[in-house]
Amino acid sequence: MTSHTAASHREGFVPFRDDIAASYRAADLWRGTTLGAILSDAATRWPTRTAVLTDGDPISYADLDVAADRLAAGLIALGIEPGDRVVMQLPNRPEFVTTLFGLLRAGAIPVMCLPAHRSAEIGHLAELSGAVGYVIADTAAGFDYRELARTVQHRVPSMRHVLVAGDPGPYLSLSDVARDRVALPDIDPTDIALLLVSGGTTGVPKLIPRTHDDYAYNARASAELCRLDSADVYLATLPAAHNFPLACPGILGTLGMGGAVCLIEDPSPESSFATIERNKVTITAVVPPLAQLWCAAVEWEDANIESLRLLQVGGAKLAESNARAVTPALNAQLQQVFGMAEGLLNYTRLNDSDELICTTQGRPLSDADEVRVVDGEGNDVPDGVEGELLTRGPYTIRGYYRAEEHNARAITADGFYRSGDLVRRLASGHLMVTGRIKDVINRGGENVSCDELEEHLLAHPAIRHAAAVGLPDDSLGEKVCAAVVLDALVDSPTLAEIKAFLTDRGLAAFKLPDSLHRATQLPVTAVGKIDKRALAEQIAH
Ligand code: OOB
């Protein structure tokens, strides 16, 4: 290891304070193990069990462990050093898992990009991280990542290695990299294990440094909360590089418990249900629009999905009406998950009442999570009152990577992360997400919460998806537009009918939409959340 690289990847990283880190260790939350060791420990305990289900032969824990070591050896032979950043952008295929562990064990820091990212995002993230390598698939979903690599390499000359799963074209084939096992570098568990990409839809994406200690705890505690064990089969439906399917409990949590993981690229009900039936999937995670689609699809898909015991829904607000539909439709328990790549995870518990499960977004994972709900002046508000969620804890970052200026705003002086999410806390500690600080429409001085309006719109039987957006208006500043995807099987309501419906539900007149935008689908972010910025642009054009 050269001290040069070791120091350079720490630059721009805000570590946990020593005394706080010591307290997390004393409480046995941080166990001083690395993410790479999750797999080696599991391979020791369950060598012959299936770790990854594929279309062909399943991969056992012992085989996955060897494959990861061999890839790590090959990466080291290429000159990749501990602390080097490597952009990883792979679709949901078995290579995702091998590559992730190979990079981790070589001591490289994977930058977890999503398949939907394109040159603007990858170029920016590669530059910001100073990446020396880029791991891609040849093609996925009709897109050629080798073309993208060419553009990115042009912009970021530090990116010396492009490794390709599949046909390498002018680059190196990932399958040719593996070498005989060698002694692997010692890794400090307080070091950055990987860099997650922030999910915000405003501004450029930021990098989120997660340490071995904190992320291993994130995955293990989540798996325990979901009562995962070696009989479970986890389906990665969302893009695997996203925090939710990666570690909440996701792939890492499942592997730590000896369960099996399968990954699919196409989350449509047809493909998902067939995989659930074939692999006897017990748990998976989806975003709300997908949950809705699956609930509707049981009408026409006849695959047997009775093995599914838990459907985790998160990433965006799940409307109460949609939450209530999950268990009757899919015959699986619903778990709401309100999480963020920056750390804090809230889960409804398996033994919570149906009421809590359908009307709240869960409560913090860890007893050591500190949550404050504050008003505009930063003062704590009482339970039941809306305020911004601030949080600090054993798996929440103390700062974005290489973002000193932004950190001064995003993190309070005493280390709380300002989430920008508006919540109400119940006496039980459960949180209801009521909106985002910036997701309000200012209509002539009156504030309309988009979240609130959307919740009411979704209660309309003909409305399948809804998003409220502010459109510029000369006299009012902004006007309220309701963008909706209507149920094809029902007569389309007019704007006047929708307004009457909302008025019947007791909504104030100033919150009623001024216009209606009908669409067959709403634009989504890389992980499948409704993308308001893109939507506003679409409506404007
Ligand atoms: C997850 O992570 P990110 O980083 O893509 O997005 C985080 C943001 C939150 O700050 C919040 O604004 C929103 O997404 N969000 C929710 C939500 N879950 C996330 N808003 C309302 N209700 C929910 N249930 O999205 C993420 C990370 C780990 C697990 C689950 C989701």
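It should be emphasised that the depicted structure is a prediction, and the values quoted were computed from it without experimental measurement.

Calculation notes
Residues numbered from 1 in each chain as written. Predicted model: local features only at pLDDT ≥ 70, side-chain atom pairs only at ≥ 80, totals over all residues. Heavy atoms only, no water. Buried < 20%, exposed > 50% of the residue type's maximum accessible area, 1.4 Å probe, protein only. Helix = DSSP H or I, 4+ residues; strand = E, 2+ residues; numbered from the N terminus. Pairing = 2+ DSSP bridges. Near = heavy atom within 4 Å. Polar contact = N/O pair within 3.5 Å; in protein donor to acceptor, adjacent residues only side chain to side chain. Areas by Shrake-Rupley, 256 points an atom, 1.4 Å probe, with all protein chains shown as cover. Nonpolar A, V, L, I, M, F, W, Y, C, P; charged D, E, K, R; others polar. Contact = heavy atoms within 4.5 Å.

1. Observations concerning the pairing of strand β12 (residues 233-236)
Because side chains alternate across β12, one face comprises the buried residues Val233 and Leu235, and the other comprises Tyr234 and Ala236, equally buried. Taken together, the four bridges between β12 and strand β13 (residues 260-263) define a ladder with parallel strand orientation. Counted as the bridge partner of Val233 is Ala260 from β13. Sheet topology places β12 next to strand β14 (residues 283-286); two bridges connect them, and they run parallel. The residue of β14 that forms the bridge with Tyr234 is Ile283.

2. Comments concerning the site of the ligand
Near the ligand there are 20 residues, and of these His242, Val337, Ala341, Asp421 and Lys529 occur at the shortest range. In this structure, an oxygen atom belonging to the ligand sits 2.9 Å away from a main-chain N or O atom of Ala341. In this structure, an oxygen atom belonging to the ligand sits 2.8 Å away from a side-chain N or O atom of Lys529. In isolation the ligand has 590 Å² of accessible area, and contact with the protein removes 92% of it. In terms of residue count, the dominant contributor to the shell around the ligand is strand β16 (residues 333-340) (four residues). Its residues placed into classes, the shell around the ligand shows nine nonpolar, seven polar and four charged.

3. Quick notes on helix α11 (residues 269-279)
Turning to α11, its buried residues number three or more, namely Pro269, Ser271, Ser272, Phe273, Thr275, Ile276 and Asn279. Looking at the buried residues of α11, the elements they touch are β1 (50-53), β12, β13, α12 (288-297) and α13 (320-330). Phi turns positive, to about 50°, at Lys280, one or two residues after α11.

4. Let's talk about the side chain of His460
If you trace the backbone, His460 turns up in the loop between α16 (450-458) and β25 (463-473). Among the polar contacts made by the side chain of His460, one reaches the main-chain amide nitrogen of Ala462 at a distance of 3.0 Å. Each residue touching His460, except ones within four places of it in the same chain, is listed here: Pro493 and Phe501.

5. Quick word on the sheet that holds strand β8 (residues 161-165)
One open sheet accounts for seven strands, arranged β9-β8-β5-β3-β4-β10-β11; its pairing is mixed. In the strand order of this sheet, the two ends are held by β9 (172-173) and β11 (207-211), each with one partner. Sheet analysis places strand β10 (residues 192-197) next to β11, joined by five bridges and oriented antiparallel. By the bridge assignment for β11, Leu196 is matched with Ile208.

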